[in-house]
Amino acid sequence: MNPVKVGLLGLGTVGGGTVNVLKRNAEEISRRAGRGIVITHAAAKNLDSTRADTTGIRLGSDAYEVVNDPEVAIVVELIGGYEPARTLVLQAIRNGKHVVTANKALIARHGNEIFAAAREHGVTVAFEAAVAGGIPVIKAIREGLAANRIEWLAGIINGTGNFILTEMRDKGRDFADVLAEAQALGYAEADPTFDVEGIDAAHKLTILASIAFGVPLQFEKVYTEGITRITREDVAYAEQLGYRIKHLGLARATEEGIELRVHPTLIPERRLIANVDGVMNAVLIKGDAVGPTLYYGAGAGAEPTASAVIADIVDVVRALTSDPGNRVPHLAFQPDALSDKPVLPVEDIETAYYLRLQAADRPGVLAEVTRSFADAGISIEAILQKEPPAGSPDATVIILTQRVRERQMNEAIARIEALDAITGTVTRIRLEHLASN
Ligand code: HSE
């Protein structure tokens, strides 16, 4: 089947990320979509500044040429802002093209008009990337939580604001200095007052509330307060009282109506969401059946946002090519594209370990234990010895190791358990740092 042709509006941070991820993961993505996906035509104001590899893409500065290109089936709008994005998207819809957008301002302000036009012309408008960057929270609410009556949701949904509050708290940095860094990193909006005055969060909250509660988009009714008046002292006092200050978007369904508000908020520091720091986003959603669920991840940046944009493109492609009654493949990949890669036996996995052992409290025992690890080629990360409890001859030794194959660890543990100085068996708990790099 021929690849689906995509037209791209905007080659900035997210546009560049979308081009790069689509190229890098082309094979994996087409296994999921059931068809190849290629960007054939792109428009940007400043073509020279893009960092994307645009080989093979027809480039220009006129976005209307892309939305009017008869070959393009899906228009991806990554320009941002209200206009000309609105006019371009409406034109694409009138031309019978599906639209994918990351533009929260556009959806929050003009979504009702855009969706009506899309229904009239029988096309899809997808906007996962508009809220919380790479976190698939729209899909989670719309599909995963479909059984629930959503009672409330609370989100840290502006990465720039959260980054600023975190740096102020941890490093005592100045507001302006942190904001400049967020701009340089490509997190902040073109107009950064949208971030620090809460407008960006209000756009996103508008969208979340609509899909959570089934109400029209009502951006103009959101109470919106930014973080510009938060001082370092506020942050410190809140901390002394056991709270963190977070800039939250909150939506709640009450008997009387729906609360829609964006403002700085103290949250008990023991809440998971209170510990969402830096540019990360998180959305906590309370459904009547499922209870609270929390969605966490990168809320801005080139490739995290591209991840959501491309997921929407894949959804549109699936809808274009599959049996409409069975759009999303049961195992996420198309049945004829499943891989025959083997599942590894546990001896072949690689991980770090936490080990706890009971060792006689006499000279040379620890040296014997560490020698066993050295002989097995295992590197120790940390070691901690606790005094024997009163009346016990054995000390407890905790060892953290670096990553190693399980087979190697089995051999080392067998040798250690065979030592005279060791009592009983060695307790092992696998340890994963789960770092993003
Ligand atoms: N300016 C936004 C933020 C970008 O900082 O979260 C992602 O929407």
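Residues numbered from 1 in each chain as written. Predicted model: local features only at pLDDT ≥ 70, side-chain atom pairs only at ≥ 80, totals over all residues. Heavy atoms only, no water.

Participant: What's the story with the packing of helix α13 (residues 365-375) against helix α14 (residues 406-417) in this structure? I'm lost.
Facilitator: Think of two packed helices as two axes; the pair is described by the angle between the axes and how far apart they sit. Remark: α13 packs on α14, axes separated minimally by 9 Å, with the N-to-C direction vectors making an angle of 150°. With respect to their mutual orientation, α13 and α14 come out roughly antiparallel. Handedness of the crossing formed by α13 with α14: right-handed. Along the contact surface, α13 presents V369, S372, F373 and D375, while α14 presents M409, A412, R415 and I416. (Axes fitted to C-alpha atoms, helices over the stretch in contact; angles between N-to-C directions. Helix = DSSP H or I, 4+ residues; strand = E, 2+ residues; numbered from the N terminus. Parallel < 35°, antiparallel > 145°, perpendicular 65-115°, else oblique. Left-handed = near helix turned anticlockwise from the far one by under 90°. Contact = heavy atoms within 4.5 Å.)

Participant: Looking at this model, I keep getting lost on the sheet that holds strand β2 (residues 37-43). Mind explaining?
Facilitator: Adjacent strands of a sheet pair through backbone hydrogen bonds, lying either parallel or antiparallel. Strands sit in the order β3-β2-β1-β4-β5-β6 across an open sheet of six strands; the sheet is parallel. Edge positions in the sheet fall to β3 (58-60) and β6 (125-126), since each of these pairs with one other strand and no more. In terms of strand pairing, strand β4 (residues 74-77) meets strand β5 (residues 98-101) through four bridges, oriented parallel. Looking at the pairing, V75 lines up with V99 of β5. (Pairing = 2+ DSSP bridges.)

Participant: Just to check I follow, could you spell out the pairing of strand β7 (residues 150-156) for this structure?
Facilitator: Moving residue by residue along a regular strand, the side chains alternate between the two faces of the sheet. Along β7, five of the seven residues are buried, which leaves the element largely enclosed by surrounding structure. Here β7 pairs with strand β11 (residues 280-287) via six bridges, running antiparallel. Bridge assignment links I156 to a residue of β11, and that residue is A282. Across four bridges, β7 lies against strand β9 (residues 243-253) in antiparallel orientation. Paired with L153 across the two strands is A251, which belongs to β9. (Buried < 20%, exposed > 50% of the residue type's maximum accessible area, 1.4 Å probe, protein only.)

Participant: I tried to follow the sheet that holds strand β12 (residues 291-298) on my own but got confused; where do I start?
Facilitator: Spatially, the six strands line up as an open sheet ordered β8-β10-β9-β7-β11-β12, and their pairing is mixed. Each edge of the open sheet carries a strand with a single partner, namely β8 (223-224) and β12. Packed onto the sheet, helix α7 (residues 159-171) meets β7, β9 and β11 and runs at close to 155° relative to β9.

Participant: Looking at this structure, I do not really get helix α5 (residues 104-121). What am I missing?
Facilitator: Along an α-helix, a turn takes 3.6 residues, which lines up residues three or four apart on a common side. Given a rise of 1.5 Å per residue, 18 residues ought to cover 26 Å, yet the end C-alpha atoms of α5 are separated by just 22 Å, more than 12% below that figure. H110 marks the point of greatest bend in α5, at about 85°. Three or more residues of α5 are buried, namely K104, A105, L106, I107, A108, H110, G111, I114, F115, A117 and A118. In this structure, the buried side of α5 is in contact with β4, α4 (85-94), β5, β6 and α10 (199-213). Between the side-chain oxygen of the N-cap and the backbone nitrogen of A105 there are 3.2 Å, and the N-cap of α5 in question is N103. Positive backbone phi, approximately 65°, marks G122, located one or two places after α5. (Expected span 1.5 Å × (residues − 1). Bend = angle between axes of the 7 residues up to and from the residue. Polar contact = N/O pair within 3.5 Å; in protein donor to acceptor, adjacent residues only side chain to side chain.)

Participant: What's the story with the pattern of salt bridges in this structure? I'm lost.
Facilitator: A side chain with one charge can pair with a side chain of the opposite charge if their charged atoms come near. One pass over the full model with this rule turns up 33 salt bridges. For E189, the salt bridge is made with K104, and the minimal N-O distance between the two is 2.9 Å. Here K104 lies in helix α5 and E189 lies in the loop between α8 (175-184) and α9 (193-196), a separation of 85 residues in the sequence. Residue E189 is classed as partly exposed on the basis of its relative accessible area of 21%. Of the residues examined, K104 reaches a relative accessible area of 14% and is grouped as buried. Note that E143 and K139 form a salt bridge whose closest N and O atoms lie 3.2 Å from each other. Pair noted here: E143 and K139 are both in helix α6 (residues 137-144), with a separation of four residues, about one helical turn. Residue class for E143 comes out partly exposed when judged on its relative accessible area of 44%. (Salt bridge = Lys/Arg side-chain N within 4 Å of Asp/Glu carboxyl O.)

Participant: How should the site of the ligand be read in this particular structure?
Facilitator: Neighbouring the ligand are K104, N158, G159, T160, Y187, A188, E189, D195, D200, K204, G299 and A300. Between the ligand and G159 there is a distance of 2.7 Å, counted from an oxygen atom to a backbone nitrogen or oxygen. Between the ligand and K204 there is a distance of 2.8 Å, counted from an oxygen atom to a side-chain nitrogen or oxygen. Computed on the free molecule, the ligand has an accessible area of 260 Å², of which 92% lies beneath the protein chains in the complex. Listed by contribution, the elements that provide at least two residues to the shell around the ligand are α7 and α10. Taken together, the residues that form the shell around the ligand break down as three nonpolar, four polar and five charged. (Near = heavy atom within 4 Å. Areas by Shrake-Rupley, 256 points an atom, 1.4 Å probe, with all protein chains shown as cover. Nonpolar A, V, L, I, M, F, W, Y, C, P; charged D, E, K, R; others polar.)

Participant: I tried to follow the side chain of D394 on my own but got confused; where do I start?
Facilitator: You can see D394 is positioned in strand β15 (residues 394-401). With no salt bridge to any partner, buried D394 finds its closest opposite charge in R362, at an N-O distance of 7.8 Å. There is a polar contact of 2.6 Å between the side chain of D394 and the side chain of T423. (Lys, Arg positive; Asp, Glu negative; His and termini not counted.)

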